[in-house]
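Here is what each chain is made of, one letter per residue.
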Amino acid sequence: MGQWWIGLAGSLLIAGAAYWKKSLSASGLIAAVLLGTALYSVGSLPWYGALIAFFVSSSLLSKWKSRRKENAESGYAKTGRRDAGQVIANGGLGLLLCVAHAIWPHPAWWGVYIGVIASVTADTWATEVGGLSRSRPRCIVNGRRVEAGTSGGVTLLGLGASAAGGLFIGGIAWLLFQVQPAAGGVFLADPYGLYSLLIGLLGGLAGSLADSWLGAIVQVMYRCRICGKELEKSEHCQAAAEPIRGWTFMTNDAVNALSSAIGGLVGFLLVWFIF
């Protein structure tokens, strides 16, 4: 806890730059600084660095070829500047895992954490890169072609990006672990990072696919009364949209949080039962 100021300084620098580049809203800036400071204070460099790797890479991808993705993203509940809800949905569970590890140290917490961060990274990468696919996505439930930006739609490009995002976090987690171990057990006996990469890959894919499945089945969806577009948000074309399916409380943030927990569960199972 004595080095909390390092987490505060790093979070202010990174979140401040993101706010300046319009990747974070004001509420997102505050939430990111508080989350990052708490994570570094309770945990260590690997816990903090893995989340930063997700945030920086996802923010950069959101700006990449943004004009080409405008149509696909027009129906998303939240695009562009991340608000406090998105920050908490993506990093709140990770902070709870870090606190749990501080109270009851066990390597499984680190495995779950890798799965959670890999999941939110894989899902974000899939969204940002998949939005550039030249082929129309298919619904994850029935395989039918759907319009770009439809909740629950997947593409091969998006799946590839999802796998890459999970591997990225697994690799970053392993590299940071070499600098300052965050857990013991199986990870200390992993000189080539194979365990971390496997957890990142499988946890990321599981969480990303769960996000698509939940988005297609239970996430609340609306239809614009003006243009007829299917949306994740309740307003479009400067008018209230009508709900067409899903549970009203299952918002985009709720789906993100739940799917990240599924990615974390995969990480736990890999550490507990296989390794």
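The structure we're discussing is the one just above.
Here the structure is a predicted model, which means the values were calculated and not measured.

Caption draft 1: Structural context of empty space enclosed by the protein. Across all of its chains, the model carries 1 cavity of 30 Å³ or more by this definition. Roughly 180 Å³ of internal volume is contained in the largest cavity. If you trace the largest cavity, you find 16 residues lining it, with Ala-32, Leu-35, Leu-51, Phe-55 and Val-87 closest to the centre. Of all elements in the fold, only helix H1 (4–20), helix H2 (26–42), helix H3 (45–63) and helix H5 (84–103) reach the threshold of two or more residues within the lining of the largest cavity. For the lining of the largest cavity, the element with the most residues is H3, which contributes 5 residues. Split into classes, the residues belonging to the lining of the largest cavity amount to 10 nonpolar, 5 polar and 1 charged.

Caption draft 2: How the structure looks around the sheet that holds strand E7 (residues 242–245). Within the open sheet, the 3 strands sit side by side as E4-E3-E7. Their pairing is antiparallel. This sheet does not close on itself; its edge strands, each paired only once, are strand E4 (230–231) and E7. Two elements, strand E3 (residues 221–223) and E7, share 3 bridges in a ladder whose sense is antiparallel. Bridging across to E7, Met-221 finds its partner in Arg-245.

Caption draft 3: Region of interest: the environment of Ile-217. With respect to the helices and strands, Ile-217 occurs in helix H8 (residues 194–217). Distance in space between the C-alpha atoms of Ile-217 and Val-154 is 14 Å, their sequence separation being 63 residues. With sequence-adjacent residues up to four places away left out, Ile-217 is seen in contact with Val-141, Arg-245 and Gly-246.

Caption draft 4: Representation of the packing of helix H6 (residues 107–130) against H8 within the structure. Contact pair H6 / H8: the axes reach a minimum separation of 7 Å and the direction vectors enclose 55 degrees. When the interaxial angle is binned, H6 and H8 end up oblique. The hand of the H6/H8 crossing is right-handed. Across the interface between the two elements, Gly-111, Ile-114, Gly-115, Ala-118, Ser-119, Ala-122, Asp-123 and Ala-126 from H6 touch Ser-196, Ile-199, Gly-200, Gly-203, Gly-204, Gly-207, Ser-208 and Asp-211 from H8.

Caption draft 5: The nonpolar core, seen in detail. Ranked by internal contacts, the top residues of the largest apolar core, which has 38 residues, are Trp-110, Tyr-113 and Phe-187. Put simply, the parts of the chain that give this core at least two residues each are H1, H2, H3, H5, H6, helix H7 (156–179) and helix H9 (252–274). Tallying contributions element by element places H6 first for this core, with 9 residues. The contact partners of Trp-110, leaving out residues within four places of it in the chain, are Pro-46, Trp-47, Ala-173, Phe-177, Ala-182, Ala-183 and Phe-187. Core analysis: the second largest hydrophobic core is formed by 5 residues, Val-220, Tyr-222, Cys-224 and Leu-231 among them.

Caption draft 6: Fine view of the environment of Ile-262. Counting through the fold element by element, Ile-262 comes out in helix H9. Each C-alpha atom of the pair Ile-262 and Leu-29 lies 27 Å from the other, and the pair is 233 residues apart in sequence. Apart from the residues lying within four places of it in its own chain, the contact partners of Ile-262 are Ala-206 and Ala-210.

Caption draft 7: Just unusual backbone geometry, in detail. Look at Lys-22: it is not a glycine, yet its phi comes out positive at around 65 degrees. In this structure Lys-22 comes out as exposed when scored by relative accessible area, which is 52%.

Caption draft 8: Quick look at the packing of aromatic side chains. Taken as a whole and judged by the stated rule, the model has 9 aromatic pairs. Seen from their ring centres, Trp-110 and Phe-177 are 6.4 Å apart, and the 25 degrees between their planes marks the pair as stacked. In this pair, Trp-110 is assigned in helix H6 and Phe-177 in helix H7, connecting sequence segments 67 residues apart.

Caption draft 9: Structural view of the packing of H2 against H3. Between H2 and H3, whose axes approach to 7 Å, the crossing angle comes to 150 degrees. When the interaxial angle is binned, H2 and H3 end up roughly antiparallel. Considering how the two elements wind past one another, H2 and H3 form a crossing that is right-handed. Together, Leu-35, Gly-36, Leu-39 and Tyr-40 of H2 and Leu-45, Trp-47, Tyr-48 and Leu-51 of H3 make up the contact between the two elements. Class assignment for the residues of the contact of H2 with H3 results in 7 nonpolar, 1 polar and no charged.

Conventions we followed
Counting restarts for each chain, with residues numbered from 1 along the sequence as it is written. A pLDDT threshold of at least 70 governs which residues receive local features in this predicted model, and a stricter bar of 80 or more applies before side-chain atom pairs are shown or counted, although totals over entire chains, interfaces and linings include all residues. Where side-chain values are given, they derive from all heavy atoms of the structure, hydrogens and water being excluded. Here a cavity denotes a set of grid points, spaced 1 Å apart and computed over the protein atoms alone, in which a 1.4 Å probe fits but from which it cannot get out, and a pocket denotes an open set meeting protein on both sides within 12 Å along at least five of seven lines; residues with an atom within 4 Å of a point are reported as lining. Grid points are joined across faces, edges and corners, and a volume is the space filled by probe spheres set on the points. Going along the chain from the N terminus, every DSSP run of H or I of four or more residues is numbered as a helix, and every run of E of two or more is numbered as a strand. Classification used: nonpolar for Ala, Val, Leu, Ile, Met, Phe, Trp, Tyr, Cys and Pro, charged for Asp, Glu, Lys and Arg, polar for all others including Gly. At least two bridges found by DSSP between two strands are what make those strands a pair. We call two residues in contact when some of their heavy atoms are within 4.5 Å. Every angle, taken between N-to-C directions, lies between 0 and 180 degrees, and every axis is a line fitted to C-alpha atoms, over only the stretch in contact when it is a helix. For classification purposes, an angle smaller than 35 degrees is called roughly parallel, one larger than 145 roughly antiparallel, one from 65 to 115 roughly perpendicular, and anything else oblique. Helix crossings get a hand from a simple test, with the near helix turned counterclockwise from the far one by less than a right angle marking a left-handed crossing and a clockwise turn marking a right-handed one. The criterion is simple. A nonpolar core is a set of buried Ala, Val, Leu, Ile, Met, Phe, Trp, Tyr and Cys residues joined through side-chain atoms within 4.5 Å. Three exposure classes are used, based on accessible area relative to the maximum for each residue type with a 1.4 Å probe and protein chains only: buried under 20%, partly exposed in between, and exposed over 50%. Classification of ring pairs rests on two measures: the distance between centres of Phe, Tyr or Trp rings, Trp counted by its six-membered ring, which must be within 6.5 Å, and the angle between planes, read as stacked under 30 degrees, edge-to-face over 60 and tilted in between.

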